[in-house]
Amino acid sequence: YSKRLDYELELGIVIGKPGRDLTPETAMNHVAGYTILNDCSARDIQAREMTGGLGPSKGKHFACVSGPYLTTLDSIPSTGLRMQARVNGAEWCDATSAEMIWSVAEIVAWASQSETLVPGMLLGSGTCNGGSSIEIGRTLQPGDIIELEIERLGRTRNRYGIPPEGGWWPEPK
């Protein structure tokens, strides 16, 4: 239903042990490992929804891609992971997880405030620097091949499909 699909290259944080009201000092004890997360965004829908002041709904919460596998923390260097996005083979992003504003421990601790994190839950780190087409002033087209790669975590590869015609659209209120 989107004419302006976007990728968002994020570090996927997989919860391995239940926890609630964690602190950054205890949060990493609840992380099983990392994976690649493409937190897909429908930018045209998101822009329309945001004018209502309620935040994105179908513009953000409709799809994500993760994988290809889970990498445990003991296999991850503490210095950061290289994060790359390519579209049709051309590099659109080359960043590192070391540039993240919030640490994984802080993200997990915040997500656990007044909410129980359960094993298998997938949290996103937020988009890495330059890790979406909107951040770099580019646009995806139907048929584009989107490859997201994070050092030691593998690579995802997806084709941007053709949006269907029609469908119901709510009138602005």
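All figures in this text were calculated on a predicted structure; none of them were measured in a lab. (Residues numbered from 1 in each chain as written. Predicted model: local features only at pLDDT ≥ 70, side-chain atom pairs only at ≥ 80, totals over all residues. Heavy atoms only, no water.)

### Things to note about the overall build of the chain
Rules: For the purposes of this entry, the term helix denotes a DSSP run of H or I that reaches at least four residues, the term strand denotes a run of E that reaches at least two, and both are numbered from the N terminus. Here the globule rule is a power law, 2.2 Å times the number of residues to the power 0.38, and the radius of gyration is based on C-alpha atoms. Three exposure classes are used, based on accessible area relative to the maximum for each residue type with a 1.4 Å probe and protein chains only: buried under 20%, partly exposed in between, and exposed over 50%. We call two residues contacting when some pair of their heavy atoms lies within 4.5 Å. His residues and chain termini do not enter the charge count, which takes Lys and Arg as positive and Asp and Glu as negative. By convention, the charge on Lys lies at NZ, on Arg at CZ, on Asp at CG and on Glu at CD.
Scanning the chain from terminus to terminus reveals 3 helices and 10 strands. Helices and strands appear in the chain in the N-to-C order β-β-α-β-β-α-β-β-β-α-β-β-β. Taken over the C-alpha trace, the chain has a radius of gyration of 17 Å; the compact-globule value for 173 residues is 16 Å, and the two agree within 12%. A total of 173 residues make up the chain; the buried ones form 42% of that total. Long-range contacts, defined here as pairs at least 24 residues apart, represent 70% of the contacts in the chain between residues at least 6 apart. Both charge centroids of the chain, one from 16 positive and one from 21 negative side chains, sit 5 Å from each other.

### What to know about the sheet that holds strand β7 (residues 90-96)
Just so we agree on the cut-off: Pairing between strands requires that DSSP locate at least two bridges from one strand to the other. Here the axes come from fitting lines to C-alpha atoms, over the contacting stretch only for helices, and the angles between their N-to-C directions go from 0 to 180 degrees.
Strand order across the open sheet formed by 4 strands is β7-β6-β9-β10, with antiparallel pairing between neighbours. On the outer flanks of this sheet lie β7 and β10 (154-159), each paired with one strand and no other. Across this sheet, the average inter-strand angle for adjacent strands is 15°, counted without regard to direction. Both strand β6 (residues 82-87) and strand β9 (residues 145-150) contribute to a ladder of 5 bridges, which runs antiparallel. For Arg 86, the partnering residue across the bridge sits in β9 and is Glu 147.

### Points about the pattern of salt bridges
Should their charged atoms come close, side chains of opposite charge can pair. Test applied: The salt bridge definition used is simple: a Lys or Arg side-chain nitrogen within 4 Å of an Asp or Glu carboxyl oxygen.
One pass over the full model with this rule turns up 9 salt bridges. Among the salt bridges present, the one from Arg 82 reaches Asp 94, with a minimum N-O distance of 2.7 Å. Residue Arg 82 is located in strand β6, and its partner Asp 94 is located in strand β7; the two are separated by 12 residues in the primary sequence. Salt-bridge contacts for Glu 147 lead to Arg 155; the nearest nitrogen and oxygen are separated by 2.8 Å. In this structure Glu 147 comes out as buried when scored by relative accessible area, which is 9%. Residue Arg 155 is classed as partly exposed on the basis of its relative accessible area of 46%.

### Quick word on the packing of aromatic side chains
For clarity, the threshold we go by: Pairing of aromatic rings covers Phe, Tyr and Trp, the last counted by its six-membered ring, and requires centre-to-centre distances within 6.5 Å; plane angles under 30 degrees mean stacked, over 60 mean edge-to-face, and any other angle means tilted.
Across all of its chains, the model carries 1 aromatic pair by this definition. On the basis of an interplanar angle of 45° and a centroid distance of 6.4 Å, the ring pair of Tyr 7 and Trp 92 is categorised as tilted. Taken together, the positions of Tyr 7 in the loop between β1 (5-6) and β2 (9-15) and Trp 92 in strand β7 put the pair 85 residues apart, joining distant regions of the chain. Since its relative accessible area comes to 1%, Tyr 7 is described here as buried.

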